[in-house]
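Spelled out from the first residue to the last, the chains are:
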Amino acid sequence: MMASSYNAKEEDGHHSGSATHGGPGVAKSKKPDNTAFKQQRLPAWQPILTAGTVLPAFFVIGLIFIPIGIGLYVTSNNIKEFEIDYTGLDIDSPCYSCAKNFSWNSTAPCVCTVNFTLEQPFESNVYMYYGLSNFYQNHRRYVKSRDDSQLNGDLSALKSPSKECEPYRTSEGQSIAPCGAIANSLFNDTLELYHIESNGTKNQVVLAKKGIAWWTDKHVKFRNPGGNSNLTAAFQGTAKPVNWRKPVYELDQSDPENNGFINEDFIVWMRTAALPTFRKLYRIIHKKPNTTPTLPSGRYALDITYNYPVLSFDGRKRMILSTISWMGGKNPFLGIAYITVGSICFFLGVVLLIIHHKYDTRSNSADIPN
Amino acid sequence: MAREGEDAGMAKAPKRKRQKKRKPKENKTRTVHANVLHDCAKGDENPNRHYANNEIKTTKYTVLSFLPKNLFEQFHRFANVYFVFIALLNFVPVVNTFQPELALTPVIFILSVTAIKDLWEDYRRHRSDKEINHMDCLVYSRGEKRYVEKYWKEVRVGDFIRLRCNEILPADVLLLSSSDPDRLCHIETATLDGETNLKQRQVVRSFFDLDCEFDPLKYNSIIECEKPNNDLNRFRGYIIHRSGRRDALYKENLLLRGCTIRNTEEAVGIVIYAGHETKAMLNNNGPRYKRSKLERQMNVDVFWCVIILLVMCLFAAAGHGLWMFQYGDKRPVFDVLSPEGTDLSPIMSAIYLFLTMIIVLQVLIPISLFVSIEIVKICQVYFIHQDMDLYDEETDSHLQCRALNITEDLGQMQYIFSDKTGTLTDNKMVFRRCTVAGVEYSHDANAKRLAMYQEMDSEEEDCMSHGGTLPRRDSVTSHQSARVVLRSHSTKSHRRTGSRAEAKRASILSKHTAFSSPMEKDITPDPQLLDKVNECSSQMDFMRFHSQPMSQLPSDLSDIIDFFIALTVCNTVVVSSPNQPRHKVRMRFELKSPVKTIEDFIKRFTPSRLTSGSNSSSSSSLNRSSNKGCSSLLSSPSAESTLTKLNEETPPGGLEPGFSAAPPCYDGRPSWSPEDGELRYEAESPDEAALVYAARAYKCSLVGRLPDHVTVELPHLGRLSFELLHTLGFDSTRKRMSVVVRHPLTDQITVYTKGADSVIMELIKPLDTGNSKGRRQKKIVCRTQNYLNLYAADGLRTLCIAKKVMSKEEYACWLQRHLEAETAIQGREELLFQSALRLETNLHLLGATGIEDRLQDGVPETIASLRRAGLQIWVLTGDKQETAVNIAYACKLLEPDEEILTLNADSHEACALLLEESLHYIQAKFFCSSGDQSATADFPPFEIYPPASPSSSSSHAAHFLVHRLGLVIDGRTLAYALDKSLEDKFLAVARSCRSVLCCRSTPLQKSMVVKLVRNKLRVMTLAIGDGANDVSMIQVADVGVGISGQEGMQAVMASDFALPRFRYLQKLLLVHGHWCYSRLANMILYFFYKNAMFVALIFWYQFYCGFSGSAMIDQWYLIFFNLMFSAFPQLITGTLDKDVSAETLQQLPHLYVNGQNSEEYKPYMFWMNMIDSFYQSLVCFFIPYFAYADSDVDLFTWGTPITTIALFTILLHLGIETKTWTWINWLSIAFSVALFFSVALLYNASCPTCYSPSNPYWTMQRLLQDPLFYLLCTITPVAALLPRYFYRACQSTLFPNPVQVGRQLDKLPADTRRNILSLGRLKTGSPLSPAPPFLPLAKLSPAKDPRGTPRAPVSQTDEEHGGGGPAAPARSRERLSNVYSSVSTETDTLPYTKDAPPLTDWEAPGQSPPGWTASTPLAARADGVQLSLPPVGAPQCVKYRRSPQEGLVSEHGVHPPAHRTAPAAEQSLYTAL
């Protein structure tokens, strides 16, 4: 990488002569030991950063990074992604009315349907996300507002949640389960996807709701109190979060493995997003066993049970369909970054080469007369 | 003192009125009663019970007080308070960010590390205290009526203690009895002041005549003395006997704690001060604490960090307020209400957030920086300690770092203030010449012998065997001889110059004898003088036997004999015999105490006067004298006759036991008498020893010294015993010492005075030019003065010897007042001083001596190399101007082609005028071409190096640079120049001179000069000295260096660093100073960068979390990042990094300028680092940001890669800044990375529910499976470090600084490098001249070629040495031997000759561009200017001219007599005798 040499000083052992003369008489002498360490003569690599020594590094970096970047870019471009905003800001949009008269506690769900067309078929597994914008899940007080012990099924925490959950800790004298602001603001829109075939019939696309959370979250971090048997009893004496319509043990009554604290939608929500614009995995559309694409191109209808208000904070709600690659979702940035950095390195390498040829003649020790 | 009152107050004993009344009295003095008078040592009755007992406790803490006291001390540090405040802030719920307990960990960690260190130190002190407290000593017990063994801690004030030989004193003890027949006790005070010579202590006078053994039960006196104080050299008090008689007590009566009893079988004393009130303990002050320049600069930047922190916090707070405000009343779900469920107004939230942000961003103020710096400094000190090159084999001592925290200051020195004697010179005085009665004896043979010493190294084995035969103390003999053999063995492997061998021999000797090197001892007498001495003494012998009055002796002969008597008598040298080491050689013929009272005096002197009246006094005294002469004379052929005489003279009874108590000494006498040569002299100053040895060469040897007698052996006359009446010790104000003796031959009371010529010459009896004797005297004085000037010009230290014969009346008159002075308690010193002044008048000049103080090894090279390193060297000495100037030439402080401005003024006005003229002269000489005359009117602030002004790089760029000028100023002028009104002018002159020499300066002046330069020029100053007179200077300077040499340890005690030799200063400054500075500077900068970079990551995040103070980095990482993950590599680099190798640094001294100009750490560098850190953090933040934008990543899964990336970036950044990679560096970086990942993995696997809020369970594990993580970790550090890497490469290619060139030199093969370096020495001027920063080495080639051939032989010899270590020492050794050999062949008697300065010898033929040394970085002049400078300056009124024939001629060089009319006291000059 850099012109360098191991400069093991040959003089190292030289002075040792006088030190080793020591007999018993000299043993008491305060003379310092002649070791390479104590005399600060450890063999060392001494790179000198000059144009000449550094420029290979730049070329090498450039040559490695540009291909990687191209590879990443191509990979990212091969990912198919479809995104649709259903916030309902426009008066034209189907969800406009739902967006207008929102309320956390309205009993009658507002349903709207958004139609869209996929230009290209989606092969392999398709991941369905909901995306929120301007939602500061990373707010300091928001992030803290949870009780992991309670979510882990700890019975004492269930009854008396952590103080961090304040002011969503108790409700009408009963402790809230799950407590805290994160749980309280659980995303509660329901999305259903229909494929509208050319003849107009709506075929519901099968959305798998399991496997969307981290395995460790589902199996280690989150546990229902008292096992999974009879959640109703287990959650006896607790209150539902203020904004929720139903208690936690009714999140998914169809599947006891997905109910209560181990409901995967809940788990996904509880993993607070890093940035104010984020998406969270909602469902997975598994690849069909036959060769037909998972989502063939064509018209689709998205049925939304519009519960989640975002207009108050200027937020947006989106539904995203995406395939993924080994490097995750569609994001051309990394490829571009690699290409850019690689090119810059290459360019700087050229600059250094010029500098080296013009100015840096010194490293050539042949110039130095002996 | 306060303690005394405290103790008294604390005593719970019922207070009686009597006691209360006595209290005010007790505040002034301490009264000590003997404990044996009272029943119980601890009872209420004991009047001594209020005094501290002898148990010492130096520990700071007790078990209970440790925690509060230690914490209290630690909180004196502002940083600790700050961090504790922040940690506590975390406990406030509204603002907290971390788990409060977690936030406390770093603070607790730091505090506990310090606490553990303190505890350990304290424990060690406790252990040593315990050990000391449990030492045994003999204390008299009333009950058992004998001395019983007790622990030290049980000793109380008022106890009687019996001390045996070689015992250590447990407390300050008043000596009451000694087994020594002279009632003496010898002590070694090495532990107190490091002086190894024995000191005599006397039994209290009233107990002096006690014949039998001292019986404590009979003691019933009361001692009144001063309160405990820390003045080792003062003790005043008196003892009140039952009879009401009072006797004064002196420091001679007090044995100090910690000293060792020597040469005395047994001594008994009463404890006066015990435990913490002993003088030794009161003198024990803790280590010094200084703050280095780098640290001061760092603190400024810490302050900037605080400001940046506040700005960031304010920005975030404002942002948060606005963010809140935009939502208005619609409260979003993620904006959680306060725990009480209340809504916070945006303003309140902003205020809370401000505090939160301080917690989150606290890392910006580097908590670990302070700890790290301390660790690094300790390591640096360790390495400096371990450096073999700073180890002195002769004395088996190495450099001591006494101040642990200013190592980096060593790399930034700009001014060096050096003492001369003992610092530049060996302080091994060699008698060289003398003038007696106006006749000069040049001692040519002596000079030749000295020259021989230089060539001795080949015959080192010889010397070794010689050394081996030297007797030494029994206890160490075996060890020593083993050592000698080893030494002779080792000499083959490295040859040193002769002086080294000599010093080695000296070291063997000096183990036993203070200040006696073989050079002092072996003095070849001048044959002419020897003849005269013989002639004279034989005449005297003849006259004595024929009872002729001695006054008939021809005056020149009597002068000669008096001269030598003065040399032997007028000193404080103690004689010891080598056969019985540390045992005094005793010659007792008369047991008579010196005149101590008036009655005594009358008894002893008046009978003759009273009986025979004044007119007959002479005859009667003559009678007496003949009697006396017989009695005191020992030259008679047989010893028996003397013995019989002695027996006759000895008063019967009484003294007999005392006599028999010391039989070995007495019986031993005949055995050593034929071999005088083996007598050892232990002198307080090397000059004294040199003079005594010189006198011995003329067979006038000192054979014994008792408090009241000095025994001298003279040729033909044999042993003479001089009754020593008084010794008026040397002091720096009087600059002379005198003894009053009764001459055994003439029975006259004679005063012998020896002192600085300037003072003695003024005290010479005004001569009546009328008679011939007076004229002769006057001629003698004149001639002597001439010779003195010559001696001084030769660089010899001059002393004048004078005598005065007093009549009995005069003496009686003087004695009366002297005794008054002696017994006074208040102002005794002043009175004694006045008394001495009264005595030392109307002297008769005997002669003068010239003593050579040889330069230490390697001093000229060291000075030359330090000067090339851009250091200004000032020498401040107490010596005569001429002596100092010559030494300055010898050590190359002044160059022969330099002009010298000499400032000698005897009034303030004259001084002002001189300074004015000098300024004008300098202007005229150096600035005339610039045409910028205004600059001289008011000098702009001084800068040694023009601050990067390449535009004015012509020869005029040297404005206020240092010119080829030397300034010599004497003490008196200095006193005027240091006046407020003149100091600016003085500095203006001094700073344009390359070297400054202040002669005859007092210790106070030395420190004033240092202070002036330090404060006015704002430069870093280093003071180096070896003696007590340098202490004040050492303390004032930024860095004080003590030479652990001959003159005791005071300088070392006051210093920050103690060196064995001056030449080690070169490596200490140029190598260790440079390294320490550059290491620490880089480390500090790196710390700032690291913290800013890490903290900025969080700051950028605030833009994406609504300025809510949220952090994506897990709190654990946040807190331990600095403490653990990134801590080790920087410590390693800070400790081990070497930018340039030691060899190159020493051979290219101008690399030192790097540190002087603080080039590693300039203020702008802090900001550049800050900008770089912000850039890097932006990259490290935004690459992950965009890579994860709009994805389902959660907060901490996103934050963990950022932490990892930041760690990699920070480590790689360190890698770019690391210049030397040893395996330790690799290991530390690998360790850091491994530590981070293992901690992260463990932490993320440890607990699924803990560590709220991040709850990072399995995060790292998941990330490690994610290819994106690796991709990020690759690209981000590269992108972040690209600019710095590129900049470093370009900068070192396009604008390399000298240090980088030095590094490139290091890369070259060793022999090539040496060649270039030797060439580079000739060209050193160029690298630092502003325009071309450094001549590319390739461009040196044309210049090199022509010189290639002549240099060949030199490099050849280098190759011979090549196997053996660095080139520089080899070469300098080579050159050194050249010089010595050339000197030895020279016919001149001096090693440094007047007309041919050694410089010419140093330059190998063919490589002498005129004054290459002059082309130092300081003098960026064109060659033309340099050549036009004549070696002998143009006549100028303040010019110092050097011409070979005349020696030194200068208008002011030789003091006209008029100068000396000023009273001596006013001059307040100081010459170290």
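Residues numbered from 1 in each chain as written. Chains lettered and ligands numbered in written order. Predicted model: local features only at pLDDT ≥ 70, side-chain atom pairs only at ≥ 80, totals over all residues. Heavy atoms only, no water.

K.L.:
Run through the pattern of salt bridges, naming residues and quoting values.
P.N.:
For side chains bearing opposite charge, pairing can occur when the charged atoms are close. Under the criterion given, the structure shown has 39 salt bridges over all chains. Of the charged contacts, one joins A:Asp33 and A:Lys38 as a salt bridge, the two residues approaching to 3.0 Å between their closest N and O atoms. Here A:Asp33 falls in the partly exposed class, since its relative accessible area comes to 40%. Owing to a relative accessible area of 19%, A:Lys38 belongs among the buried residues under this scheme. Between B:Lys377 and B:Glu408 there is a salt bridge whose closest N-O contact spans 3.1 Å. Residue B:Lys377 is located in helix α10 (residues 367-386), and its partner B:Glu408 is located in the loop between β16 (400-401) and β17 (415-418); the two are separated by 31 residues in the primary sequence. In this pair, the class of B:Lys377 matches that of B:Glu408, namely buried. Through salt bridges that share partners, A:Glu81, A:Glu83, A:Arg279, A:Arg318 and B:Asp1190 make up one connected network. (Salt bridge = Lys/Arg side-chain N within 4 Å of Asp/Glu carboxyl O. Buried < 20%, exposed > 50% of the residue type's maximum accessible area, 1.4 Å probe, protein only. Helix = DSSP H or I, 4+ residues; strand = E, 2+ residues; numbered from the N terminus.)

K.L.:
Can you tell me about the state of the cysteines, naming the residues and giving the values?
P.N.:
Simply put, the disulfide is a covalent bond whose two ends are the sulfur atoms of two cysteines. All names here are of chain A. Within this structure, the stated rule accounts for 4 disulfides over all chains. Two residues, Cys95 and Cys112, share a disulfide whose sulfurs are 2.0 Å apart. Disulfide Cys95 to Cys112: torsion about the S-S bond roughly 85°, handedness right-handed. Of the two residues, Cys95 is situated in the loop between β1 (81-85) and α3 (96-100) and Cys112 in strand β2 (residues 110-118); the sequence distance between them amounts to 17 residues. (Disulfide = S-S within 2.5 Å.)

K.L.:
Describe the packing of helix α41 (residues 1163-1187) of chain B against helix α45 (residues 1267-1294) of chain B, listing the residues and the values that go with them.
P.N.:
All names here are of chain B. Between α41 and α45, the least distance of the axes is 9 Å, while the angle of their chain directions is 155°. When the axis of α41 is compared with that of α45, the two are roughly antiparallel. Considering how the two elements wind past one another, α41 and α45 form a crossing that is right-handed. On the side of α41, the interface is formed by Asn1169, Asp1172, Tyr1175, Gln1176, Val1179, Cys1180, Ile1183, Pro1184 and Ala1187, while α45 contributes Leu1268, Leu1272, Ile1275, Thr1276, Ala1279, Ala1280, Leu1281, Pro1283 and Arg1284. (Axes fitted to C-alpha atoms, helices over the stretch in contact; angles between N-to-C directions. Parallel < 35°, antiparallel > 145°, perpendicular 65-115°, else oblique. Left-handed = near helix turned anticlockwise from the far one by under 90°. Contact = heavy atoms within 4.5 Å.)

K.L.:
So what's going on with the interface of chain A and chain B? Which residues, and what values?
P.N.:
The partner chain B presents 123 residues to the 110 residues of chain A that form the contact. Here chain A and chain B share an interface that buries about 10000 Å² over both sides, 64% of which is from carbon and sulfur atoms. For the pair chain A and chain B, the number of links is 4 salt bridges. We note a salt bridge from A:Arg271 to B:Asp1194, for which the minimum N-O separation is 3.1 Å. (Buried area = accessible area lost by both parts, 1.4 Å probe.)

K.L.:
Can you break down the sheet that holds strand β10 (residues 298-306) of chain A residue by residue, with the values?
P.N.:
Residue and element names in this part refer to chain A. Reading across from one edge, β2-β10-β6-β7 is the order of the 4 strands in this open sheet, with antiparallel pairing throughout. Where the open sheet ends on each side, the last strands, each with one partner, are β2 and β7 (202-204). For this sheet, the mean angle separating the axes of adjacent strands, direction not counted, is 30°. Bridge analysis of strand β6 (residues 190-196) against β10 gives 7 bridges, and the strand direction is antiparallel. Counterpart to His195 in the pairing with β10 is Tyr300. (Pairing = 2+ DSSP bridges.)

K.L.:
Tell me what's going on with the pairing of strand β10 (residues 246-249) of chain B, and back it up with residues and numbers.
P.N.:
Residues and elements named next belong to chain B. Relative to β10, strand β9 (residues 237-240) runs antiparallel, the two sharing 4 bridges. Bridge pairing in β10 links Tyr238 to Ala248. Once β9 ends, the chain turns through 5 residues before running back antiparallel as β10, passing Gly244 with a positive phi of about 95°.

K.L.:
Break down the nonpolar core for me, citing the residues and quoting the values.
P.N.:
Judged by nonpolar contacts, the single largest core of 143 residues is most densely connected at A:Leu352, B:Leu361, B:Phe1088, B:Tyr1161, B:Phe1181 and B:Trp1198. Examining the composition of this core, we find that 20 residues originate from one element, helix α36 (residues 1064-1102) of chain B, more than from any other. If we skip the residues at most four places from it in the chain, B:Phe1088 touches B:Met298, B:Asp301, B:Val302, B:Cys305, B:Pro366, B:Leu369, B:Tyr1161, B:Phe1166 and B:Met1170. Of all hydrophobic cores here, the second largest spans 72 residues; its members include A:Leu158, A:Leu191, A:Tyr308 and B:Tyr327. (Core = buried A, V, L, I, M, F, W, Y, C linked by side-chain atoms within 4.5 Å.)

K.L.:
So what's going on with the UniProt feature "active site" (unreviewed entry) in chain B? Residues and values would help.
P.N.:
Residues and elements named next belong to chain B. With numbering aligned to this structure, UniProt lists the feature "active site" (unreviewed entry) at Asp419. Position of Asp419 among the secondary structure elements: in the loop between β17 and β18 (425-436). Those residues in contact with Asp419, other than ones at most four positions away along the chain, are Leu424, Leu876, Lys1006, Ile1024, Gly1025, Asp1026, Asp1030 and Met1033. Among the polar contacts made by the side chain of Asp419, one reaches the side chain of Thr423 at a distance of 3.3 Å. (UniProt positions renumbered as here; feature names shortened; annotations may be inferred. Polar contact = N/O pair within 3.5 Å; in protein donor to acceptor, adjacent residues only side chain to side chain.)

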